[in-house]
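Understanding the architecture of this molecule
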Amino acid sequence: AQSVTQPDIHITVSEGASLELRCNYSYGATPYLFWYVQSPGQGLQLLLKYFSGDTLVQGIKGFEAEFKRSQSSFNLRKPSVHWSDAAEYFCAVGPLTGNNRKLIWGLGTSLAVNP
Amino acid sequence: DTEVTQTPKHLVMGMTNKKSLKCEQHMGHRAMYWYKQKAKKPPELMFVYSYEKLSINESVPSRFSPECPNSSLLNLHLHALQPEDSALYLCASSQVDMGFVRDPYFGPGTRLLVL
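As a starting point, this report considers the structure included with it. (Residues numbered from 1 in each chain as written. Chains lettered and ligands numbered in written order. Predicted model: local features only at pLDDT ≥ 70, side-chain atom pairs only at ≥ 80, totals over all residues. Heavy atoms only, no water.)

**With respect to the overall build of chain B**
When its secondary structure is counted, chain B shows zero helices and 13 strands. Ordering the α and β elements of chain B from the N terminus gives β-β-β-β-β-β-β-β-β-β-β-β-β. The C-alpha atoms of chain B give 13 Å as radius of gyration, which agrees with the globular expectation for 115 residues (13 Å, within 12%). When its C-alpha atoms are laid out on the principal axes, chain B stretches across 45 × 25 × 25 Å. Relative to its full complement of 115 residues, chain B shows a buried share of 48%. For chain B, the share of sequence-separated contacts (at least 6 apart) that also reach a separation of at least 24 residues comes to 54%. When the accessible surface of chain B is summed, it comes to about 5500 Å², and 52% of that surface belongs to carbon and sulfur atoms. Both charge centroids of chain B, one from 13 positive and one from 11 negative side chains, sit 7 Å from each other. (Helix = DSSP H or I, 4+ residues; strand = E, 2+ residues; numbered from the N terminus. Rg over C-alpha atoms; globule rule 2.2 N^0.38 Å. Buried < 20%, exposed > 50% of the residue type's maximum accessible area, 1.4 Å probe, protein only. Contact = heavy atoms within 4.5 Å. Areas by Shrake-Rupley, 256 points an atom, 1.4 Å probe, with all protein chains shown as cover. Lys, Arg positive; Asp, Glu negative; His and termini not counted. Charge placed at Lys NZ, Arg CZ, Asp CG, Glu CD.)

The following block contains the structure:
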């Protein structure tokens, strides 16, 4: 079955510390992978995406993610977290072709940042 | 213009009311979506329109009625809703290139409360 797992429901880090949010997927075909961020009371903002090519992708706000096919993972990283990064982070995977354009979402990781 | 706008931002309605949510984008995207999101949960796909035609209906109750009047507008008509329908309703749109659907851009959402 197709699925996305975000193993960490909640993570707390100190401001300035590094961050890694985990995402594992199960998908039968070549996956198209996304990380979205949602600040409280806001909509979803795309941080970065992977379709093909270089497996290390750079996104907005200083985030990056690495696609590892052998581990079925697409972990999100940031070298130094800012207080404004506190938010809910969702990993998603989808085919994005044909008539089935349904993204499969992880349950999200809630990030808290200590000053 | 690289945004999806949604009105109203907040809506309170009784179970016998009829109301509509509106979504607009001027990015030339030809796929548009309605999602429902409960607090601290990932978004759930409700409807997908592709080239102004309904292509996906995720078995949504008939008290939700989508409409796509043109390529820039998407409406969600609400009638006889239940309290459990209270949620954040997100609109999104995607570019379509030769059948390949790009990543969705999300609007800020309409927070709906059904009393």
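**Some words on the overall build of chain A**
Along its length, chain A carries zero helices and 12 strands. In sequence order, the secondary structure elements of chain A are arranged as β-β-β-β-β-β-β-β-β-β-β-β. Taken against the 2.2 N^0.38 rule, which gives 13 Å for 115 residues, the C-alpha radius of gyration of chain A at 14 Å falls within 12% of a compact globule. Along the first, second and third principal axes, the C-alpha set of chain A runs to 45 × 30 × 25 Å. For chain A, buried positions account for 48% of its 115 residues.

**Describing the state of the cysteines**
All names here are of chain B. For the coordinates displayed, the defined rule picks out two disulfides over all chains. There is a disulfide in this structure between Cys23 and Cys91, and the S-S distance comes to 1.9 Å. Here the S-S torsion is close to -70°, and the disulfide linking Cys23 with Cys91 is therefore left-handed. Of this pair, Cys23 sits in strand 3 (residues 18-25) while Cys91 is found in strand 9 (residues 87-94), placing the two residues 68 residues apart along the sequence. Just as Cys23 is buried, Cys91 falls in that class too. (Disulfide = S-S within 2.5 Å.)

**Some details on the pairing of strand 5 (residues 32-38) of chain A**
Residue and element names in this part refer to chain A. Most of strand 5 is tucked away, with seven of its seven residues classed as buried. The two faces of strand 5 match: Tyr32, Phe34, Tyr36 and Gln38 on one face and Leu33, Trp35 and Val37 on the other face are all buried. Note: strand 5 against strand 10 (residues 87-94), seven bridges, orientation antiparallel. Looking across to strand 10, one finds that Leu33 is bridged to Val93. Taken together, the five bridges between strand 5 and strand 6 (residues 45-50) define a ladder with antiparallel strand orientation. Directly across from Phe34, in strand 6, lies its bridge partner Lys49. (Pairing = 2+ DSSP bridges.)

**A closer look at a nonpolar patch on the surface**
Residue and element names in this part refer to chain B. Among the surface-exposed residues, Val12, Leu113 and Leu115 lie close enough to one another that they form a single nonpolar patch of about 290 Å² accessible area. Counting through the fold element by element, Leu115 comes out in the segment after strand 13 (110-114). Residue Leu115 is classed as exposed on the basis of its relative accessible area of 57%. (Patch = residues over 30% accessible without salt bridge, like charges linked within 9 Å, V, L, I, M, F, W, Y side chains within 5 Å. Salt bridge = Lys/Arg side-chain N within 4 Å of Asp/Glu carboxyl O.)

**Re the side chain of Lys36 of chain B**
Tracing the sequence through the fold places Lys36 of chain B in strand 4 (residues 31-37). Not counting residues within four places of it along the chain, the set of residues in contact with Lys36 of chain B comprises Pro42, Pro43, Glu44, Met46, Glu84, Asp85, Ala87, Leu88 and Tyr89 of chain B.

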